[in-house]
Amino acid sequence: MTGINVTLAQICDAIIGWLNQPVPPNPGWAAAGWESFKYVCRVHGVAPLLHQKLGGADWLDAPTRRWLAEQDSLNGRRMAKMQAELADILALFGHEAVPVMPLKGSILSIRYYPDPAQRPMADLDLLVRPADFEAAARLLGRLGYEQAVVHWKHTEFSRPENRRVVSTTGEHPDNPRSVELHRSCRETFAGPSLDLTGLMWAGA
């Protein structure tokens, strides 16, 4: 039996359904569909979540089951490193009385996931007030970070020994773990801008 040919959009729809169903059904995909499934998982960062959901599914083939387990393990080790790095940053900023607010994954992973390892992160996002930016950059320097890239939304800092991509097949713990320092919480949507910076600090 060759199985069902499937598009990337159909795979995404199936994954959404699996994350909201207690017992995910067998999609009956062809082998090529499962290779595309791995690609979609990497793009959307859902392999650790799906390991929890699909690990007990009797219809899942052994190679895909092993791949999901490996992704879960790799991301667990990566998240442990990133949470430790965040703790060091927050401790130093607190000691030096420089206000800083973690954003995005670093908060979401520990507040809204049963296990932080279920939420992959590429980097640590931190919000500081514009007047504190230079002080924040100096503190990151004391922890071994150097300014790498200046973007309109943030400035990226990284450690020189942690800039090489070790693996492109998943969330490897030793892939780059940069810090993105934000002066504002602002996004532009094809023209109009939405700035939530004041609201973020008011609710901090």
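Cut-off values and rules
- Residues numbered from 1 in each chain as written.
- Predicted model: local features only at pLDDT ≥ 70, side-chain atom pairs only at ≥ 80, totals over all residues.
- Heavy atoms only, no water.
- Buried < 20%, exposed > 50% of the residue type's maximum accessible area, 1.4 Å probe, protein only.
- Helix = DSSP H or I, 4+ residues; strand = E, 2+ residues; numbered from the N terminus.
- Pairing = 2+ DSSP bridges.
- Axes fitted to C-alpha atoms, helices over the stretch in contact; angles between N-to-C directions.
- Contact = heavy atoms within 4.5 Å.
- 1 Å grid on protein atoms, 1.4 Å probe; cavity = no way out; pocket = protein on both sides within 12 Å on 5 of 7 lines; lining within 4 Å.
- Points joined across faces, edges and corners; volume = space filled by probe spheres on them.
- Nonpolar A, V, L, I, M, F, W, Y, C, P; charged D, E, K, R; others polar.
- Expected span 1.5 Å × (residues − 1).
- Arc of directions from axis to C-beta.

Digging into the pairing of strand β2 (residues 123-127)
Within β2, five of the five residues are buried, leaving the element largely enclosed by the surrounding structure. Side chains D123, D125 and L127 project from β2 onto one buried face, and the interleaved L124 and L126 project onto a second face that is buried too. Sheet topology places strand β1 (residues 101-103) next to β2; three bridges connect them, and they run antiparallel. Bridge pairing in β2 places M101 opposite L127. In the sheet, β2 pairs with strand β5 (residues 178-182) via five bridges, with the strands oriented parallel. The residue bridging L127 from the neighbouring strand is H182, located in β5.

Digging into the environment of A31
Tracing the backbone shows A31 in helix α2 (residues 31-44). With 27 residues separating them along the chain, A31 and I4 place their C-alpha atoms 8.8 Å apart.

Remarks on the sheet that holds strand β3 (residues 146-150)
The strand order across the open sheet formed by five strands is β1-β2-β5-β4-β3, and the pairing between neighbours is mixed. Two strands close off the open sheet at either side, each with one partner strand: β1 and β3. Each strand axis lies, on average, 30° off the axis of its neighbour in the sheet, ignoring direction. Together, β1, β2 and β5 form the strand contacts of helix α4 (residues 62-95), whose direction differs from that of β2 by roughly 25°.

Some details on the layout of surface pockets
Rolled over the atoms, a probe sized like a water molecule indicates the empty space that remains. For the largest pocket, the calculated volume is near 290 Å³. Forming the walls of the largest pocket are 14 residues, and the residues nearest its centre are L103, K104, C185, R186 and E187. Taken together, the residues that form the lining of the largest pocket break down as six nonpolar, three polar and five charged.

Concerning α2
The end-to-end C-alpha distance of α2 is 20 Å, a good match for the 20 Å that 14 residues give at a rise of 1.5 Å each. When α2 is considered as a whole, its buried residues turn out to be G33, W34, F37, K38, V40 and C41. All buried residues of α2 lie within an arc of 165° about the axis, which places them on one face of the element. Facing away from the buried surface of α2 by more than 90 degrees, the exposed residues are A32, E35 and V43.

Quick word on the environment of L49
Inspection of the secondary structure puts L49 in helix α3 (residues 47-54). C-alpha separation for the pair L49 and T7, spaced 42 residues apart in sequence, amounts to 21 Å. In contact with L49, other than residues within four places in its own chain, are L19, Y113 and Q118.

Things to note about unusual backbone geometry
Phi is positive for A97, close to 60°, though the residue is something other than glycine. Relative to the helices and strands, A97 is located in the loop between α4 and β1. Positive phi, normally seen in glycine, also occurs at K104, with a value near 60°.

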